[in-house]
Amino acid sequence: MRIGLHVRVGSGYAAAVAHAKSIGCNAIQVFSTNPRSYRISAANVGALEEFARLRREAGIDPCVSHTPYLINLGSEDSKIYNGSIHLLENDLAVAAVGGIRYVNTHLGSYGKRDRNEGFAAICRALEQALAKIAPGVYLVMENSAGAGNLAGGTLEELGRFVRALDHPQLGVCLDTAHAWAAGYEIDTPAGVDRFVYEAAECIGLDRVHMFHFNDTEVPLGANRDRHWHIGDGKIGVEGFRALLARPELREKTAILETPGDDADDARNMQTILTIARGAAAA
Ligand SMILES: [Zn+2]
Ligand SMILES: [Zn+2]
């Protein structure tokens, strides 16, 4: 697998790429805009091209952008709904300019809405965004922790979106902490076997482009979204080793979204790379 980390770009793209390279990343994830704002600032084409050049030089590929957390494609409020579509379209446009292969998004929540009605609304939003997607860019839907009425908490539901839209540039990102919180027992080889089998059956592994590798301390099925350091949580070394050992996942990308500072980033990358080497040798 290509393995990398979500990096902060507040100190500039050069520092972000240097940090990622120094800790062994060959993939990277960034927020394209302020993750907590509906405001969109004009894309800085020069900076995005420079970012792409720095990544090329560092051997970091692919690059993922994570859409703002505010996005709710299932909202009944037309302001939130249309604002969310607008943010998503903006991130897809930025990705096209910056050579960013994957735009990873949360789908949002059905709220008090009828689930079928909410599902149809999310499909319309995705359809609108995909209508303008550039070649070489993929829109990937991230699985949720399944809390409340969050969309996309199950592999089965993610698969229904993939089939309903039937667009070759629509795919899926599987977050391990969210999957665990949604009740998928991925802490053993047998549990990972079932998870990968179900992903293949429900979604198709060709559509599962990437993973978020996060450990978590919440109990299985707790529906709580808490990320923890790799190997120090419930999924543990054994769960990640089992995922890294799957030959069908070898071409996929895994991004760490673990908590803490630069030293924690370095330690988490070292842990996952050590597990990956062990899995490859086994
Ligand atoms: Zn996310
Ligand atoms: Zn999360």
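Residues numbered from 1 in each chain as written. Chains lettered and ligands numbered in written order. Predicted model: local features only at pLDDT ≥ 70, side-chain atom pairs only at ≥ 80, totals over all residues. Heavy atoms only, no water.

Q: Give me the lowdown on the coordination of the zinc ion (ligand 1), citing residues and values where you can.
A: The expected angle between donors at a tetrahedral four-coordinate metal is 109.5 degrees. At an octahedral six-coordinate metal it is 90 or 180 degrees. Summarising the metal site, the zinc ion (ligand 1) is bound by the protein donors His-66 (NE2), His-106 (NE2), Glu-142 (OE) and Glu-142 (OE), whose distances to it range over 2.1 to 2.8 Å. Around the zinc ion (ligand 1), the four donor atoms are arranged such that angles at the metal cover 50 to 143°; this shape is classified as irregular. Read from N- to C-terminus, the donor residues coordinating the zinc ion (ligand 1) fall into the pattern H-x39-H-x35-E. A separation of 5.3 Å is found between the zinc ion (ligand 1) and the zinc ion (ligand 2). Note that His-66 is positioned in strand β3 (residues 63-66) and His-106 in the loop between β4 (102-105) and α4 (115-130), a separation of 40 residues in sequence. (Donors = N, O, S within 2.8 Å, 3.2 Å for Na, K, Ca; no water. Tetrahedral: all angles 85-135°; square planar, octahedral: opposite > 155°, others 65-115°. Helix = DSSP H or I, 4+ residues; strand = E, 2+ residues; numbered from the N terminus.)

Q: Can you tell me about the sheet that holds strand β7 (residues 208-213), naming the residues and giving the values?
A: In space, the eight strands of this closed barrel follow the order β1-β2-β3-β4-β5-β6-β7-β8, with parallel pairing throughout. Put simply, the sheet's adjacent strands are angled 30° from each other on average, direction ignored. By the bridge criterion, four bridges tie strand β2 (residues 27-31) to β3 in an arrangement that is parallel. Across the sheet, Gln-29 pairs through a bridge with Val-64, a residue of β3. (Pairing = 2+ DSSP bridges. Axes fitted to C-alpha atoms, helices over the stretch in contact; angles between N-to-C directions.)

Q: Can you tell me about the pairing of β4, naming the residues and giving the values?
A: Burial along β4 is two-sided: the residues Tyr-102 and Asn-104 and Val-103 and Thr-105 are all buried. The pairing of β3 with β4 spans three bridges and is parallel. Note on β4: the bridge partner recorded for Ser-65 is Val-103. Regarding the hand of the β-α-β motif, the stretch spanning β3, helix α3 (residues 78-98) and β4 is right-handed. In terms of handedness, the path from β4 via α4 over to strand β5 (residues 138-142) forms a crossover that is right-handed. (Buried < 20%, exposed > 50% of the residue type's maximum accessible area, 1.4 Å probe, protein only. Right-handed = clockwise from strand over helix to strand, strands pointing away.)

Q: Describe the environment of Ile-235, naming the residues involved and giving the relevant values.
A: Along the chain, Ile-235 falls in the loop between β7 and α8 (236-244). What makes Ile-235 buried here is its relative accessible area of 1%. Taking the C-alpha atoms as reference points, Ile-235 and Ile-186, 49 residues apart in sequence, are found 6.3 Å from one another. Contacts of Ile-235, omitting those with residues within four sequence positions, involve Thr-176, Ala-177, Trp-180, Ile-186, Asp-187, Asn-214, Asp-215, Thr-216 and Phe-240. (Contact = heavy atoms within 4.5 Å.)

Q: I'd love a proper account of the coordination of the zinc ion (ligand 2), names of residues and values included.
A: Only His-178 (NE2), Asp-225 (OD), Asp-225 (OD) and His-227 (NE2) from the protein coordinate the zinc ion (ligand 2), and they sit 1.9 to 2.6 Å from it. Here the zinc ion (ligand 2) is ringed by four donor atoms whose angles at the metal span 53 to 140°, and the overall shape comes out irregular. Look at His-178 and you get buried, because its relative accessible area is 3%. Residue classification places Asp-225 among the partly exposed positions, given a relative accessible area of 43%.

Read these as geometric descriptors, not functional statements.
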